[in-house]
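Breakdown of the fold
Listed below are the residues making up each chain.
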Amino acid sequence: MTSKSRNLFLAIAIFLILITLNKFFLNEVKNTFYTITLPIQNILWKGGEKFSGFLQTLFELRNLKIENQELLKQNQKFLSVMGEIKNLRKENQTLKEALNLELEKDFELILVEVIGKETDGDFVLISKGEDEGISEGMPVITKEKILIGSIEKVYKNFSRILLLSNQKSNFDVEIQNQESSEIYGLAQGEGDLRIRLKFIPREEELAKGDRVFTTVLAGIFPKGLLVGEIGEVKKSDVSAFQEAEIEPYFKRNLSEILFVIKNFIPKKES
Amino acid sequence: MRKELFLILFIYFLVLLQQSFLPHLAVRGITPNIVLISIFLLNLLENSSGLILAFLAGLILDIYSGLPLGVSALSFLILAVLIRKSSRLFQKSNIIYLIAMFSFCLLFYKFFLSFTQNFSFQFQLNLFTFLIEDFLSLILLFLGFRLIKLWRKV
């Protein structure tokens, strides 16, 4: 057998093996590799978190003194407000119990750990899967109830989260502006952790910093989860709609621990 | 053979580093592509086994991403061939060649991924994020290039 025909034979064999693996064993192969390297990925993820925290502290050291003085001033103000808040909290708690509106009672949560994020495409890998009752479409939030995205692919012991900023992601949102009026729009992922807000009528008042929440209109996510805040707003004279950037909160909160909402079944897209 | 095995394990570690460590150090959510950098340097400065290592590195990357097995592997293989061919025409330490060739490789890799996922030549590229990724990767590329040169001298 000549060297050329041997190489050709080898290439065909590799091609056929890859096709077979992709067709029949892709999930098993990936799940096996993820299981083997899980401890290393856990160490790297936690290490990365600590290292970035260390770097952040190092960079912010100069501003700490000024910040500290400002915080002391603020602290005094807050102390006086505290008493008032205590009373309000008590009242609020009683009302919540009466109306049975606690979020923990609404959602059945599965605690998951992040072990990796893909460089290309806005996806995150978590360390629980089918065996723990996770299924495709389930929303994922942080402990601060900030929406991260939804489960895109489930393996036996692992799952991939499609981040809200992924190009495949679009969902209905509600914007709470300073006038407290209800504005609805469509959030569209643009990749690289960016989200764009679309189809907001021109006459609506949007401002930087307005908060964006999920709605239940399309049935993709539960109502009232925090998405982010409005960034730059773009208005055009020729268009009936305005657009805006959404600064997703998960960018700052993509921590190690996340929660999958188990008891919310999204409506299938038609 | 021992050297190749070490290189495969090293690339494997780089893939894990890219997926689990680097996201925390992202600049505007963007991280350098250290696997592509290693493949670039391997094929630029290493004569033997660069092609096989490129293919295997792509395969490992495919396992740890949502892509079908073989997509990154094939694109890395094509890039390895291109890097080898082009490095014969230019001086390897020519800074303009390094910048242009690596930027082309990064662009090709992104285009290839987009093409295999959508089966369309329509390619959406955010120039700003591409330039940041390219810039970050080039810094590491030059650092790696210098380190390898120094190591070889020793």
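Residues numbered from 1 in each chain as written. Chains lettered and ligands numbered in written order. Predicted model: local features only at pLDDT ≥ 70, side-chain atom pairs only at ≥ 80, totals over all residues. Heavy atoms only, no water.

A separate point is the nonpolar core. Membership of the largest hydrophobic core comes to 59 residues, with the highest contact counts inside it found for Phe40(B), Leu44(B), Tyr64(B) and Phe76(B). Of all the elements in the fold, those that place two or more residues in this core are helix 1 (3-99) of chain A together with helix 1 (2-20), helix 2 (34-45), helix 3 (50-63), helix 4 (71-89), helix 5 (95-118) and helix 6 (127-153) of chain B. What Tyr64(B) contacts, discounting residues up to four positions off in sequence, is Phe33(A), Tyr34(A), Thr37(A), Gln41(A), Glu118(A), Tyr12(B), Val15(B), Leu16(B) and Gln19(B). Counting residues in hydrophobic clusters, the runner-up holds 46 residues, among them Ile134(A), Ile146(A), Ile148(A) and Phe250(A). (Core = buried A, V, L, I, M, F, W, Y, C linked by side-chain atoms within 4.5 Å. Buried < 20%, exposed > 50% of the residue type's maximum accessible area, 1.4 Å probe, protein only. Helix = DSSP H or I, 4+ residues; strand = E, 2+ residues; numbered from the N terminus. Contact = heavy atoms within 4.5 Å.)

Residues and elements named next belong to chain A. Taken as a whole and judged by the stated rule, the model has two cavities of 30 Å³ or more. The calculated volume of the largest cavity comes to roughly 60 Å³. Contributions of two or more residues to the lining of the largest cavity are made by helix 1, strand 1 (109-117) and strand 2 (123-126). Residue contributions to the lining of the largest cavity peak at three residues, all from strand 2. Classifying every residue of the lining of the largest cavity gives five nonpolar, three polar and three charged. (1 Å grid on protein atoms, 1.4 Å probe; cavity = no way out; pocket = protein on both sides within 12 Å on 5 of 7 lines; lining within 4 Å. Points joined across faces, edges and corners; volume = space filled by probe spheres on them. Nonpolar A, V, L, I, M, F, W, Y, C, P; charged D, E, K, R; others polar.)

All names here are of chain B. Across the interface, helix 5 lies against helix 6 with an axial gap of 10 Å and an inter-helix angle of 130°. Between helix 5 and helix 6, the angle is such that the two are oblique. When the axes of helix 5 and helix 6 are compared, the crossing they make is right-handed. In this structure, helix 5 contributes Ile 95, Leu 98, Ile 99, Phe 102, Ser 103, Leu 106, Leu 107 and Lys 110 to the contact, and helix 6 contributes Phe 130, Glu 133, Asp 134, Ser 137, Leu 138, Leu 141, Phe 142 and Phe 145. Tallied by class, residues from the contact of helix 5 with helix 6 come to eleven nonpolar, two polar and three charged. (Axes fitted to C-alpha atoms, helices over the stretch in contact; angles between N-to-C directions. Parallel < 35°, antiparallel > 145°, perpendicular 65-115°, else oblique. Left-handed = near helix turned anticlockwise from the far one by under 90°.)

Our next topic: the pairing of strand 9 (residues 211-214) of chain A. Residues and elements named next belong to chain A. As defined by bridge partners, strand 6 (residues 170-176) adjoins strand 9 across four bridges and the pair is classed as antiparallel. Residue pairing in the sheet places Val 173 in a bridge with Thr 214 of strand 9. With three bridges connecting them, strand 9 and strand 10 (residues 226-234) associate as antiparallel partners. Bridge pairing links Val 212 to Gly 228 in strand 10. (Pairing = 2+ DSSP bridges.)

Quick look at the interface of chain B and chain A now. Listed per partner, the contact involves 32 residues of chain B and 31 residues of chain A. Across the interface of chain B and chain A, roughly 2,700 Å² is buried in total on both sides, 62% from carbon and sulfur atoms. On the chain B side of the contact with chain A, His24(B), Ile63(B) and Leu69(B) bury the most area, a combined 23% of that side's loss. Remark: the boundary between chain B and chain A carries 14 residue pairs in polar contact (both at pLDDT 80 or more). Elements supplying a minimum of two residues to the side of chain B that touches chain A: helix 1, helix 3 and helix 5 of chain B. (Buried area = accessible area lost by both parts, 1.4 Å probe. Polar contact = N/O pair within 3.5 Å; in protein donor to acceptor, adjacent residues only side chain to side chain.)

It is worth spelling out the packing of helix 2 of chain B against helix 5 of chain B at this point. Residues and elements named next belong to chain B. Axis separation between helix 2 and helix 5 bottoms out at 11 Å; the angle between their running directions is 130°. With respect to helix 5, the axis of helix 2 lies oblique. When the axes of helix 2 and helix 5 are compared, the crossing they make is right-handed. Mapping the contact onto sequence places Leu 36, Ile 37, Phe 40 and Leu 44 in helix 2 and Tyr 97, Leu 98, Met 101, Phe 102, Cys 105 and Leu 106 in helix 5. Each residue belonging to the contact of helix 2 with helix 5 can be placed in one class, and the counts come to ten nonpolar, no polar and no charged.

Okay, the side chain of Lys117(A) next. Residue position: Lys117(A) is located in strand 1. Here Lys117(A) sits buried without a salt bridge, and the closest side chain of opposite charge, Asp122(A), lies 5.3 Å off (N-O distance). With sequence-adjacent residues up to four places away left out, Lys117(A) is seen in contact with Trp45(A), Phe123(A), Val124(A), Leu163(A), Leu193(A), Leu254(A), Gln18(B), Gln19(B), Pro23(B) and Gly29(B). (Lys, Arg positive; Asp, Glu negative; His and termini not counted. Salt bridge = Lys/Arg side-chain N within 4 Å of Asp/Glu carboxyl O.)

Residues and elements named next belong to chain B. Here helix 5 contains 24 residues, and its C-alpha end-to-end distance of 35 Å stays within 8% of the 34 Å for a straight helix at 1.5 Å per residue. With a side-chain oxygen lying 3.0 Å from the backbone nitrogen of Ile 96, the N-terminal cap of helix 5 falls on Asn 94. With its phi angle positive at about 50°, Phe 119 sits one or two positions after the end of helix 5. (Expected span 1.5 Å × (residues − 1).)

Turning next to the confidence of the model for chain A. This prediction gives chain A a mean pLDDT of 83; 91% of its residues lie at or above 70. The secondary structure element of chain A with the lowest average pLDDT is helix 2 (residues 103-106) of chain A, at 59, and the one with the highest is strand 5 (residues 159-163) of chain A, at 93. (pLDDT = per-residue confidence, 0-100.)

On to the confidence of the model for chain B. Averaged over every residue, the pLDDT of chain B is 88; residues scoring 70 or more account for 98%. Overall fold confidence for the complex sits at a pTM of 0.76, while the interface term, ipTM, reaches 0.86.

Side chains of Leu8(A), Ile12(A), Phe15(A), Leu16(A) and Ile19(A) sit close together on the surface and give an oily, nonpolar patch of about 510 Å² of accessible area. Tracing the chain through its elements places Ile12(A) in helix 1. (Patch = residues over 30% accessible without salt bridge, like charges linked within 9 Å, V, L, I, M, F, W, Y side chains within 5 Å. Areas by Shrake-Rupley, 256 points an atom, 1.4 Å probe, with all protein chains shown as cover.)

Let's shift gears to the packing of aromatic side chains. Within this structure, the stated rule accounts for 15 aromatic pairs over all chains. Aromatic pair Tyr34(A) and Tyr64(B): ring centres 5.4 Å apart, planes at 55°, arrangement tilted. With one member in each of two chains, Tyr34(A) in helix 1 and Tyr64(B) in the loop between helix 3 and helix 4 form a pair that bridges those chains. Aromatic side chains Phe6(B) and Phe10(B) sit 6.3 Å apart centroid to centroid with 15° between the ring planes, which places their arrangement in the stacked category. One end of the pair is Phe6(B) and the other is Phe10(B), both in helix 1 and four residues apart, which spans about a single turn. For Phe6(B), a relative accessible area of 54% corresponds to the exposed category. The partly exposed category is assigned to Phe10(B), whose relative accessible area is 38%. Above the ring of Phe123(A), the side-chain terminus of Arg160(A) is found at 3.9 Å from the ring centroid. (Phe/Tyr/Trp six-rings, centres within 6.5 Å; stacked < 30°, edge-to-face > 60°. Lys NZ or Arg CZ within 6 Å of the ring centre and 35° of its normal.)

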